[in-house]
Each structure stands twice: as C-alpha cells, then as structure tokens.
Amino acid sequence: MRAVSESLYSDNVVEVEIEVEVEVEVAEEDTPLILGLEPTALIDYMVLVDWTLLDGIVIGERGGAIDVSIEELEHILREVESYNVLKMAGGSVSNTIRGLSAGFGVSCGLVGAYGDDEQGRLYVANMISSGVDVSRLRAKKGLTGRCVCLVDALSGGRTMRPCFSNVATLKAEELNREDFKGFKWLVIRFGIYSLEITKAAIKIAKQEGVSISMDLASFETVRDYRQSLVELLESGNIDLCSGNEDEARELVRDHDHDHDPIPGDALEFLGEKCKWAVVTLGPNGCMAKHGGETVIVAATGDGKVIDTTGAGDLFMSGFLYGLVKGLSLEECCKVGSCSGGSVIRSLGAQVTPEHWHWMAHQMQIQALTLPPTATNWSSRKF
C-alpha cells in the first residue's frame, strides 16, 4: 500500500512524490517488457500562470518546448517565484514508462543517467515508488536536467523550457547489450542533442530483437531538424511513431500538397515508414494507422483540462499497454485516450490516485478490460 508524500523544498516550491494508494502489481510478467531511454534525467517545475505573463519571460513560441541556458532558466524561475511551484520527476519517456508501470502494471525499466544532486535523488525515488526498474540508470557527477513548465491557468496549455546545460548525461559508448536483454519495446524521444545515443540504442535494441517506439518531441524540434528526423524514420528501424497534431503538420509542411498540411497527411507519411503511426488531436481524439487499417477515436471524458503536460506521454502508456496485451488498433487508441485523459485533470505529468480511478471508470464505460492494477479501482463511486 502506498501513500502520498510531500516535503517543502522552499517557501513556494513543493517537492512532490505522488505514490499510488492501491497495491500496484508492477511485475505482471517476470520478464521486463518495456524499456525507456532517458539519457538525461529531468525534473519538472510546474507552475500555473496567467497566460499574459509568458510574453515577458518566455523565449520562443508559446506551446512548445525549446532548450534554454541556465541563465534563461534561472530568469524564468525568478519571474515565477511568487507562484506555487510543483516539483516532480519529468521527461517524456519517463512519463510514459511511469504510467505503464504505475497505471497498467507493466514491467518497465529506464536506462540513462542522473546527477548526484537533490534533483537526481528525487527523480530516482519517484521512479522507484512507481515500480520502475532503475538498475540501468547511472549516477554521475553533475547536475540533473531541469524543465520549467508554464501552464495557462485558464486553458491548461503548457509551454516548456528545459535546460540541459552542464547536466549528467549517458553517452552512446556506455550502452551495452545487457541493458536491452529481455525487453520487447524500447521507448525513445527524438532530439537532435541526444541523436547519437538514440541511434546507438536503436542499433543495440534491434540486435536484441526489440521494437522501437518514438515520440516526435515538439513542433519546434520537428521544424528545425526535420531532415535528421526523416532520415531516422527512413532507416526502417522505427516500428511505432507518435506525435501531436502540431508536430504532425511540421513533419509534412514541406511536402507537395494542394492544401495546407493536416494531421491525416502526417499519418499517411508515418504509416509508410513505420508499422504503427499515431497522431493525437487533443480534444478531438486521435487517429492511428497499422498496415492497411486506419482508425479515428474520439477523446475520452468530460473535457476537463487543468494541465496538458504529459497528455501525449500518458496516451502512449495506454497505447503501448494495448499493444503488449494484443488489443486491436481501435482498442489501443481507446485505452490511450483514457490514460491521456487522466493526466490532464491535475497539474503535472504524473497521474494522481484519484485520476487512475477515473481512468478505470472510463475504461469500464467503453467495455475495455481493466489492467490488474485496477483491482480496487472499480469499487470507487463516480
């Protein structure tokens, strides 16, 4: 049985380690199934702000995620120091892996590095409490990555500014085949600065017969490094690729179309390169393609949005759960819609116990089989 624990980090910063209140059956199978590559561990600083505040403190466009320097990060933190700041383990891949483990009981692990600082210890403790195998994470001298997530208090839209300056990072040459043995899937995130280790991980994973799931990261990353992304997709090594509609449009913006790029164009493009392709559409649901089959699935729930951070990451938790359980393409999307919808109901990319209950209820409504972690969830009244 697990409980919520909180400790004050400073006057306005709350360090949170949310732990599931039910008995989490993490090791559903003895053999680990899904491994996440997180070369640099990351801590999120979540802040609900007035959207107008962003004009004065944010570099670049709203809504995306671009890297900033330490000085720029510290400037943003100073500007929001009067706000309540929620501090928790983050990172797209880590969010997906944590969701799979804590929410669906899938045996998962992480490979990567974290710094020998307070943020690194928080990151590891959070993953352990969620049932994630951290034996492949390396502790290194240096800083753990940080990311400020500025969330519009009215719409729930988020703007992320990560800082990877002088951080502890796993190098490509530090990977070995033992890191990947026994896994069925490797979850990665496209990024130009982590491209070397990503390619190394893909190569070793394929030698071990591991399938690859890749997230498109952000619309800025797709726009600025599209050529490198397309080369990776055309390698034939990416089995599943997912992204949101903004990332999807940037992916196919340079293609010859007689219309402005739409998510469906990107789905077709990705479907030609990968076995599975997924484009999430926010409140409009998602679309997915596998071979000759294409499905469009509506969003789940009542439309309540507090914070969209991690929506795509948690969608992929549910979608990958569906794949490893042998569900149909439509069912995978429905489960993903339920898990993605659960995380946007509170601040941060970690689903609260209350909202895991909510997810289970939505799955029941859609006649989806509940994961073993939901043993005590179905009795909750809504």
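Details of the structure are given in the entry above.
These numbers come from a predicted model, not from an experiment. (Residues numbered from 1 in each chain as written. Predicted model: local features only at pLDDT ≥ 70, side-chain atom pairs only at ≥ 80, totals over all residues. Heavy atoms only, no water.)

Caption draft 1: Fine view of the sheet that holds strand β12 (residues 240-244). The nine strands lie next to each other as β7-β6-β3-β10-β11-β12-β13-β14-β15, forming an open sheet whose pairing is mixed. Edge positions in the sheet fall to β7 (133-140) and β15 (293-297), since each of these pairs with one other strand and no more. Strand-to-strand twist across the sheet, computed as the mean angle between neighbouring axes with direction ignored, equals 15°. Looking at chain direction, strand β10 (residues 185-189) and strand β11 (residues 211-215) are connected through five bridges and run parallel. Along β11, the bridge assignment pairs Leu186 with Ile212. Across the sheet, helix α9 (residues 263-273) touches β12, β13 (276-280), β14 (286-290) and β15, and the angle it forms with β14 is around 25°. (Pairing = 2+ DSSP bridges. Helix = DSSP H or I, 4+ residues; strand = E, 2+ residues; numbered from the N terminus. Axes fitted to C-alpha atoms, helices over the stretch in contact; angles between N-to-C directions. Contact = heavy atoms within 4.5 Å.)

Caption draft 2: Structural context of unusual backbone geometry. One non-glycine residue, Asn166, lies in positive phi territory at about 55°. Relative to the elements of secondary structure, Asn166 occurs in the loop between β9 (158-163) and β10. We note that Ala217 has phi near 80°; this positive angle belongs to a residue other than glycine. Positionally, Ala217 belongs in the loop between β11 and α6 (219-224).

Caption draft 3: Focus on the side chain of Ser342. With respect to the helices and strands, the residue Ser342 is situated in helix α11 (residues 329-343). Residue class for Ser342 comes out buried when judged on its relative accessible area of 0%. Beyond its immediate stretch of four places on either side in the chain, Ser342 contacts Val351, His355, Trp356, Trp358 and Met359. (Buried < 20%, exposed > 50% of the residue type's maximum accessible area, 1.4 Å probe, protein only.)

These results come straight from atomic positions and should not be treated as a statement about function.
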